[in-house]
Amino acid sequence: MKNKFGVLCFFIIVGIIISFIINLNIGYAKLSFPDFYNESAEQYEIAGFRINRALAMILAGIAIPTSGFLLQEYFKNPLAGPDVLGITSVSSLFVAFYIFFSQDILIPDYLQNSFISLSSILGSVVLMMVLLLFSNRFRDKSFIIIFGFLISALAGAVVSFLQFYVESQSLKNYILWTFGSNNQANFSQISILTILIIIGLFFTFKSIKPLIGNSLGVAYAQSFGVSQSKLKISIIVASSILSASVTAFLGPILFIGVVVPHFCRMLWNPAQLWHQLILNVVLGIFVMQVFSIISELSQFPINIITTFFGIPVILLMLMKNKRL
Amino acid sequence: MSFLKINNTSIGYSEPLIADINTSLELGEVCLLMGNNGIGKTTLIKSILGQNQLLNGEISINGKSIQKLNPNEIASQIAIVFSKAEIPDNYTVTDLISLGKYIHYPYYFKLNEKDKNEIASIIDKLNLTQFRDKKLTELSDGNLQKAFIGRALAQNSPLIILDEPTTHLDEENKLMILSLIRNLAKNENKLILFSSHDWRLAKEFSDKIWWLKDKKLISGISEEIILNNPELITPKILDFNKNFHPPEIVAPKLEKEMIYSFLQKNFASDLTKFKLTFKNYKWELKSEDFYDNYHTLTDIKQSLQNLINTNN
């Protein structure tokens, strides 16, 4: 029983491969094997589309749970996550602002998406800064939830207000974005997303050891030589880049950031953060692939699927109150 | 050369809390840091850890000035057990003690076999073997304190500083922790500095005392400090030291008050007719009705109890 962790990861990776293949085969059109590599094949473009979708889900599966995991470990609160903290709603707010204020300006189509992404990232970074400024108070576990709720409600209200005044095409753009459509990412977007996620993961790796050092509180951390200011910065950078980049390109994907780390803690010793990180990444990819399949089969946007699955789990966590 | 040396040092924030500290400690010694609340015990500990700026002077450890060491180098010299810590929900005893190896790994991915064995032997040494996989939140206070001491041991630093290791513990666990500290210094050749409010008990387990009083640090061998400072003297109730010839002692305040309170509860509100003094190893209890000598306070209490019983 020496390498139980390896066995666990192996099974999840097998699951990922199977779900990835299924995901490639699900959609309106039936594809045959040559479509994926033969450029002259009839449905070559659709196949490319599917590959992009599956790749996007892999990236989302890496980024969102990792971001949630980092925030949960940093705040020592299992309910922290990019969406519970309100990061996603503030991103949405910034996107709404952008769409509202740019409706009269003519922006080329290929820039439109980049600007949306940029405003979304800006929104997450702004909120992360605010959160870290008050981070000492956020160690109180109920306060963080109330804060996230309030900020989401506020963002929601402002978005509704903007929707009321915006013209219909912009409104449609915004709504499409909020659905978290996994079909809209093209290959260049996926490349940018990959680079951003690699940067995010780099800062994640830098944060893991200080996070372990932080587990006994700040006084002990200081005696181990952990620099709190450096840790804070790498947590801001890592979690906001990870969640914001995915939110920017694929729309807000809710609750995965809370639910996946929670399951990982049930599967493996929660004190071993490196193991937890790896588990979050593989389980995150698997869950996103499965949700993507369900989303394709049911024709619902992926955001709705993750919410339907996520909310009952969070409710159960609250009721069991085990690790709160 | 002394292992821990403090030279002409003043510590504090804008105002010095303690001025002109000149003292040193050797490996293998246990030093008790005592003093009232707010007098600067924790500030002194933080200064030794290099977490507080010194107002002047120098603290050196193993011949190197603390100010010139980086946090990691300080950690390899000093392991600390704080009085308060966040207890991580998911940590087991083994996880906590393994954390002592934190500073020895660049990325802390996996403990190597040698370190794993060392942690297992620390757990055995502390008699925590049956709790090794138990969650910290499920441990008793005494065992939790032991586990935190185990973490400091795993850090392999020659100096261990413990801030109030005996608070919140019952008598039995206090004794257990204090004798553990004593044994570590002796058997592992560690220098141990610990602060405690239970100094009456703790002084029995320490070689040296650092006593913070009136912005000064009085340091010396435990017995001398006790002998030279009448206000610290308490006759040992259970085990009387025959070589010790005190002059006439007016206080041991605490015990005296205990007896007066006993008298007050059981005899009369007016205590002028009772006189309690300590002379020539013996307590003297005088009243209008009787005069008697006792060796211990327990004897006094017992005879007074008998008196009550016969009167009833």
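Please read all numbers here as calculations on a predicted model, not as lab measurements.

Here is what the cut-offs are and how they apply
- Here the residue numbering is sequential within each chain, running from 1 through the sequence in written order.
- Chain A is the first chain written and ligand 1 is the first ligand written, with later ones labelled in order.
- Restriction of local features to residues with pLDDT of at least 70 applies here, the model being predicted, together with a cutoff of 80 or more for giving and counting side-chain atom pairs; totals for whole chains, interfaces and linings are based on all residues.
- Contacts are defined on C-beta atoms placed from the backbone: any two residues whose C-beta positions lie within 7 Å are in contact.
- For helices the rule is a DSSP run of H or I covering at least 4 residues; for strands it is a run of E covering at least 2, with both sets numbered from the N terminus onward.
- Amino acid classes used here: Ala, Val, Leu, Ile, Met, Phe, Trp, Tyr, Cys and Pro are nonpolar; Asp, Glu, Lys and Arg are charged; the rest, including Gly, are polar.
- Whether two strands pair depends on DSSP finding at least two bridges between them.
- Lines are fitted to the C-alpha atoms to define the axes, a helix being fitted only along its stretch in contact, and any angle between axes, read from their N-to-C directions, falls within 0 to 180 degrees.
- Exposure is read from a count of other C-beta atoms within 10 Å of each residue's own; the residue is exposed at 12 or fewer, buried at 20 or more and partly exposed in between. C-beta atoms are placed from the backbone.
- Expected helix span is given by 1.5 Å per residue-to-residue step, counting one fewer step than there are residues.
- The arc refers to the directions leading from the helix axis to the C-beta atoms.
- Under the definition applied here, buried Ala, Val, Leu, Ile, Met, Phe, Trp, Tyr and Cys residues are grouped into a nonpolar core through C-beta atoms within 7 Å.
- When describing relative orientation, an angle under 35 degrees is termed roughly parallel and one over 145 degrees roughly antiparallel, while 65 to 115 degrees is termed roughly perpendicular and anything else oblique.
- It is the rotation of the near helix from the far one that decides the hand of a crossing: anticlockwise by less than a right angle makes it left-handed, clockwise makes it right-handed.

Undergrad: So what's going on with the interface of chain A and chain B? Which residues, and what values?
TA: Between chain A and chain B, the contact holds 16 residues from the first and 20 residues from the second. Of all the elements in the fold, those that place two or more residues in the side of chain A that touches chain B are α7 (187-213) and α8 (218-223) of chain A. Among the elements that take part in the side of chain A that touches chain B, α8(A) stands out by supplying four residues, more than any other. Across the side of chain A that touches chain B, the residue classes break down as eight nonpolar, six polar and two charged.

Undergrad: Pulling in residues and values, what's your account of the sheet that holds strand β3 (residues 30-34) of chain B?
TA: Residues and elements named next belong to chain B. Ordered by their spatial adjacency, six strands build an open sheet running β6-β7-β8-β3-β9-β10, and the pairing between neighbours is mixed. Looking at the sheet topology across the chains shown, the edges are occupied by β6 (78-81) and β10 (216-221). Within this sheet the neighbouring strands show an average axis-to-axis angle of 15 degrees, counted without direction. Of the pairings in the sheet, the one linking β3 to strand β8 (residues 191-195) comprises four bridges and is parallel in character. From the neighbouring strand, Leu33 faces β8, where its bridge partner is Ser195. In the packing of helix α1 (residues 41-48) onto the sheet, the strands contacted are β3, β7 (159-163), β8 and β9 (208-213), and the crossing angle to β7 comes to about 155 degrees. Helix-sheet contacts for helix α5 (residues 141-154) involve β6 and β7, and the interaxial angle to β6 is about 170 degrees.

Undergrad: Describe unusual backbone geometry, naming the residues involved and giving the relevant values.
TA: Residues and elements named next belong to chain B. You will see that Asn8, though not glycine, has its phi angle at about 40 degrees, which is positive. Examined against the element boundaries, Asn8 turns out to sit in strand β1 (residues 4-12). For Asn8, a count of 11 C-beta atoms within 10 Å gives the class exposed. A positive phi angle, close to 65 degrees, is found at Asn156, a residue other than glycine. Counting through the fold element by element, Asn156 comes out in the loop between α5 and β7.

Undergrad: Tell me about the pairing of β3(B), and please be specific about residues and values.
TA: All names here are of chain B. Among the five residues that make up β3, five are buried, leaving the element largely enclosed by the rest of the structure. Both faces of β3 are covered, namely the face carrying Val30, Leu32 and Met34 and the face carrying Cys31 and Leu33. Pairing of β3 with β9 involves four bridges; the strand directions are parallel. By the bridge assignment for β9, Cys31 is matched with Lys208.

Undergrad: Would you mind going over the environment of A:Asn214 in detail, with residue names and values included?
TA: Residues and elements named next belong to chain A. Residue position: Asn214 is located in the loop between α7 and α8. With 22 C-beta atoms counted inside 10 Å, the residue Asn214 sits in the buried group. Residues Asn214 and Phe187, spaced 27 residues apart in sequence, show a C-alpha to C-alpha distance of 39 Å.

Undergrad: Got a sec to walk through α5(B)? Specific residues and values, please.
TA: Residues and elements named next belong to chain B. Along its 14 residues, α5 runs 20 Å from first to last C-alpha, staying within 8% of the 20 Å computed at 1.5 Å per residue. Taking burial as the measure, the 14 residues of α5 include twelve buried ones, the bulk of the element. Taken together, the buried positions of α5 are Asn143, Leu144, Gln145, Lys146, Ala147, Phe148, Ile149, Gly150, Arg151, Ala152, Leu153 and Ala154. Structurally, α5 contributes buried residues whose contacts are with β6, α3 (93-98), α4 (113-125), β7 and α6 (171-188). Remark: Asn156 follows α5 within two positions and exhibits a positive phi of approximately 65 degrees.

Undergrad: Explain helix α1 (residues 4-24) of chain A to me, and be specific about the residues and the numbers.
TA: Residues and elements named next belong to chain A. In a regular helix each residue adds 1.5 Å, so 21 residues correspond to 30 Å; α1 covers 31 Å between its end C-alpha atoms and thus fits that length. Every buried residue of α1 is accounted for by Ile12, Ile16, Ser19 and Asn23. The arc that holds the buried residues of α1, viewed along the axis, is 80 degrees, so those residues lie on one side. Facing away from the buried side of α1, by more than 90 degrees, are the exposed residues Gly6, Val7, Phe10, Phe11, Val14, Ile17 and Ile21. On its buried face, α1 is in contact with α2 (44-75) and α11 (273-298).

Undergrad: Describe the nonpolar core, with residues and values.
TA: Counting 149 residues, the largest nonpolar core has A:Ala60 and B:Ile181 as the members making the most contacts within it. Of all the elements, α2(A) adds the most residues to this core, at 14 residues.

Undergrad: If you had to explain the packing of α2(A) against α11(A) to someone new, which residues and values would you point to?
TA: All names here are of chain A. Running from N to C, α2 and α11 cross one another at 140 degrees; their axes reach a closest spacing of 7 Å. Relative to α11, the element α2 lies oblique. As for how α2 packs across α11, the hand of that crossing is right-handed. When α2 is examined against α11, the residues Arg53, Met57, Ile58, Ala60, Gly61, Ile62, Ile64, Pro65, Thr66, Phe69 and Glu73 are found in contact with a partner set consisting of Leu273, Gln276, Leu277, Asn280, Val281, Gly284, Ile285, Val287, Met288, Gln289 and Ser292.

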